[in-house]
Amino acid sequence: MKWILIVVGCLALLVALVALVGSLLPVKHVATRAARFHQPPAAIWAAITDVDAFPSWRTSVKKIERLPDHQGRPSWREVDNHGQSLPFENEEWVPSQWLVTRITDPRLPFGGS
């Protein structure tokens, strides 16, 4: 019986440690991705900005629901294969050079650009 209490206590301590570390992480974050392709920048840009075509090449996206533009920026909702949905908006862009997309639902426990 004593060993069970020790194991349960260690597991509880581990869970508390993970929760403490998680609470100390910054709320805002930025994820960046870089890659090299054998295509001209215009072709890559056309693919990553054609939101309606996402389900044809992004296997995790089941469908796209267009939302009204927000301050002149394209907005949409991605629905995944499990029925979960996330709203997005293009926040910044420089054609063929720079694209920043943001999750726009402030009620989610995560977000960012």
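Keep in mind that this is a model prediction, so the values were computed, not measured.

Undergrad: Can you walk me through the sheet that holds strand β2 (residues 73–80) in this structure?
TA: By definition, the strands of a sheet pair up through backbone hydrogen bonds, in either a parallel or an antiparallel sense. The four strands are arranged β1-β2-β3-β4 in an open sheet whose pairing can be described as antiparallel. Each edge of the open sheet is held by one strand with a lone partner, namely β1 (61–70) and β4 (98–103). Ignoring which end each strand starts from, the neighbouring axes of this sheet average 30 degrees apart. Across six bridges, the pairing between strand β3 (residues 85–94) and β4 is antiparallel. Among the inter-strand pairings, V94 is bridged to a residue of β4, identified as W98.

Undergrad: I keep staring at the pattern of salt bridges and nothing clicks. Help me out?
TA: Where charged atoms from two side chains of opposite charge approach closely, those side chains can pair. Enumeration according to the criterion identifies eight salt bridges in this entry. For E91, the salt bridge is made with R102, and the minimal N-O distance between the two is 2.6 Å. Here the residue E91 occupies a position in strand β3, and R102 occupies one in strand β4, the gap between them amounting to eleven residues. Residue class for R102 comes out partly exposed when judged on its relative accessible area of 23%. A salt bridge links D105 to R107, with the shortest nitrogen-to-oxygen separation between them at 3.1 Å. The class of R107 is exposed, set by a relative accessible area of 73%. One salt-bridge network, in which partners are shared between bridges, spans R73, E89, E91 and R102.

Undergrad: What exactly am I supposed to notice about the side chain of R73 here?
TA: Counting through the fold element by element, R73 comes out in strand β2. R73 gets classed as buried once you look at its relative accessible area, which sits at 18%. Discounting residues that sit within four places of it in the chain, R73 has contacts with E89, N90, E91 and W93.

Undergrad: Got a minute to help me understand the side chain of E78 in this structure?
TA: Looking at the element boundaries, E78 is found in strand β2. With a relative accessible area of 10%, E78 lands in the buried category. A polar atom in the side chain of E78 sits 2.8 Å from the side chain of R58. Those residues in contact with E78 that lie beyond four places of it in its chain are F54, R58, V61, K63, I64, Q84, S85, L86 and F88.

Undergrad: Looking at this structure, how should I read the pairing of β3?
TA: Of the pairings in the sheet, the one linking β2 to β3 comprises five bridges and is antiparallel in character. Paired with S75 across the two strands is E89, which belongs to β3. Between β2 and β3, which follow one another and run antiparallel, lie four residues, and G83 among them has a positive phi close to 85 degrees.

Conventions adopted
- Throughout, a residue's number is its position along its own chain's written sequence, starting from 1.
- Under the rules for a predicted model, residues below a pLDDT of 70 receive no local features and side-chain atom pairs below 80 are neither given nor counted, while totals for whole chains, interfaces and linings still include all residues.
- Only hydrogens and water are set aside; all other atoms, that is, all heavy atoms of the structure, feed into the side-chain values.
- Strand pairing is assigned whenever DSSP detects at least two bridges linking the two strands.
- A run of H or I in DSSP counts as a helix once it spans at least four residues, and a run of E counts as a strand once it spans at least two, with each numbered from the N terminus.
- In this analysis an axis means a line fitted to C-alpha atoms, helices contributing only their contacting stretch, and an angle means the value between N-to-C directions, from 0 to 180 degrees.
- Put simply, a salt bridge is a Lys or Arg side-chain nitrogen that is within 4 Å of an Asp or Glu carboxyl oxygen.
- Residue burial is assigned from relative accessible area. The probe radius is 1.4 Å, only protein chains are included, and a residue is buried under 20% of its type maximum, exposed over 50%, and partly exposed in between.
- The contact criterion used throughout is that any non-hydrogen atoms of two residues lie within 4.5 Å.
- In the analysis that follows, any N or O atom pair within 3.5 Å is treated as a polar contact, provided that within protein one partner can donate a hydrogen and the other can accept it, and provided that, for residues neighboring in sequence, both atoms belong to side chains.

Functional significance is not addressed by these values, which are geometric in nature.
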